[in-house]
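The lines below spell out each chain.
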Amino acid sequence: MPIGDVRETDRLPLLREKTATIASVGSAFPDDSYSQDEVGALLGLHHPAVRKLLAAPHIRKRHLYLPPADPRTGRVPDESPAALRAKFSDGALQIGSRAVDRALHGAGLSTADVDHLVCVTSTGFLVPGLSSLFARELGFGRRLVRADVVGMGCNAGLNGLNPLVQWVANHPGRVALLVCCEINSAMYVVDDTPRTGVVNSLFGDGAAAAVLTGPGVYAAGAGTGGPRPVVLDFESWCIPEQWAAMRFDFDDAAGKWSFYIDPAIPSVIGGNVREPVTRLLRRHGMGLADVRHWVLHTGGGAVIDAVRDGLGLDEHDVRHSRSVLRDYGNISSGSFLVSLERLLAEGSAAEGDRGVLVTMGPGAQIETALVEWSA
């Protein structure tokens, strides 16, 4: 079967009666934010290629957990692996709990109402994981079902959302919570090479949470009124020949993990993104013109350009992805949820509007989801 074709057996009706609603989204960030010039000075980034990245207009500031600068050098001190691990757990608990509180408040719910929790991260490793940390600290019930999605990268928010949607659909009256929590500054390797400079000029710290409910549950809460996106379907697209294009390598000299991003990533993503989106829409008898709202991962200015061009979108379609990147940088797995949060706050989606969520990351992998706004 040619790529992009859809078998008749793949065509499915829109099953609105047995799916899940994204009732509310909340996000949170470290209190301290830094301009790109400030980050460059604090990290001692002087390589011409890195300075050019820092001067690019697509990012104005990022919220980061950085230690105080040494008054003699004006630079932040090198952080040990132990200090970075502590930064991850402490920072994740701080901003993760804020995001959870905001998302649950928006749906008129509390942690005691949550039955299933999935936590997503690629910037730290804990055993037990973030879901256990949050369960211990935030007042979730003892019968909480929990899972952790670790190490999948920027696409992983939709990887976490997918099983939660299935769970809510099969457990009427129950509530699920997705938490994407990334402390990217806990994965920084500070040197003056272009490889680390790309990472250090792009990623910020942030958390985002989404409440998922079945029919009637959201209506029983306080909520904010208006239609909410109902998740109808998912489609994945793996590009295994590009498995090494985004990855963590262990840096022996630094004694830390170091992230690598291939410069060709925008073209890889842009050249492939149409396939899963087309398959997703065709399965429901739809085309690109039927999509009113687009929520894209804020992978970087060039990545947003590539996805926009690959799907034939205009700047209005990617406005929230642009603004989230501008204000926070790339916060990895939770970026698309912050864009969705801004779209919901805008109030531009009407009953019956269709939308597509798109994330991408290591694998290389593209994840997509189809939603429809419903009261």
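Here's a quick rundown of the structure. If you're wondering where the values come from, they're calculated on a predicted model, not measured in any experiment.

Reading the values: rules and limits
Residues numbered from 1 in each chain as written. Predicted model: local features only at pLDDT ≥ 70, side-chain atom pairs only at ≥ 80, totals over all residues. Heavy atoms only, no water. Pairing = 2+ DSSP bridges. Helix = DSSP H or I, 4+ residues; strand = E, 2+ residues; numbered from the N terminus. Axes fitted to C-alpha atoms, helices over the stretch in contact; angles between N-to-C directions. Salt bridge = Lys/Arg side-chain N within 4 Å of Asp/Glu carboxyl O. Buried < 20%, exposed > 50% of the residue type's maximum accessible area, 1.4 Å probe, protein only.

### What to know about the sheet that holds strand E5 (residues 145–150)
Okay, step 1: Ordered in space as E5-E4-E6-E7-E1-E8-E13-E12-E11, the 9 strands form an open sheet in which the pairing is mixed. Every interior strand has two partners, whereas the edge strands, E5 and strand E11 (293–296), have only one. This sheet shows a mean twist of 25° between the axes of neighbouring strands, independent of strand direction.
Okay, step 2: Across 8 bridges, strand E6 (residues 175–182) lies against strand E7 (residues 206–213) in antiparallel orientation.

### Considering the pattern of salt bridges
Okay, step 1: One pass over the structure, following the stated rule, counts 23 salt bridges.
Okay, step 2: Put simply, Asp249 and Arg247 hold a salt bridge, and the shortest N to O gap is 3.0 Å.
Okay, step 3: Exposure remark for Asp249: the relative accessible area of 23% places this residue in the partly exposed category.
Okay, step 4: Each member of the salt-bridge network shares a partner with another, and the members are Asp305, Arg308, Asp309, Glu315 and Arg322.

### Notes on unusual backbone geometry
Okay, step 1: In the segment running from Val127 into Pro128, the intervening peptide bond is cis, with an omega of 0°.
Okay, step 2: Along the chain, the position of Pro128 falls in the loop between strand E4 (116–121) and helix H4 (130–137).
Okay, step 3: With an omega of -20°, the peptide bond running from Gly363 to Ala364 counts as cis.
Okay, step 4: By secondary structure assignment, the location of Ala364 is in the loop between strand E12 (354–361) and strand E13 (365–374).
Okay, step 5: Despite not being glycine, Ser332 shows a phi value in the positive range, around 65°.
Okay, step 6: Residue position: Ser332 is located in the loop between helix H11 (319–328) and helix H12 (335–346).
Okay, step 7: The buried category is assigned to Ser332, whose relative accessible area is 4%.

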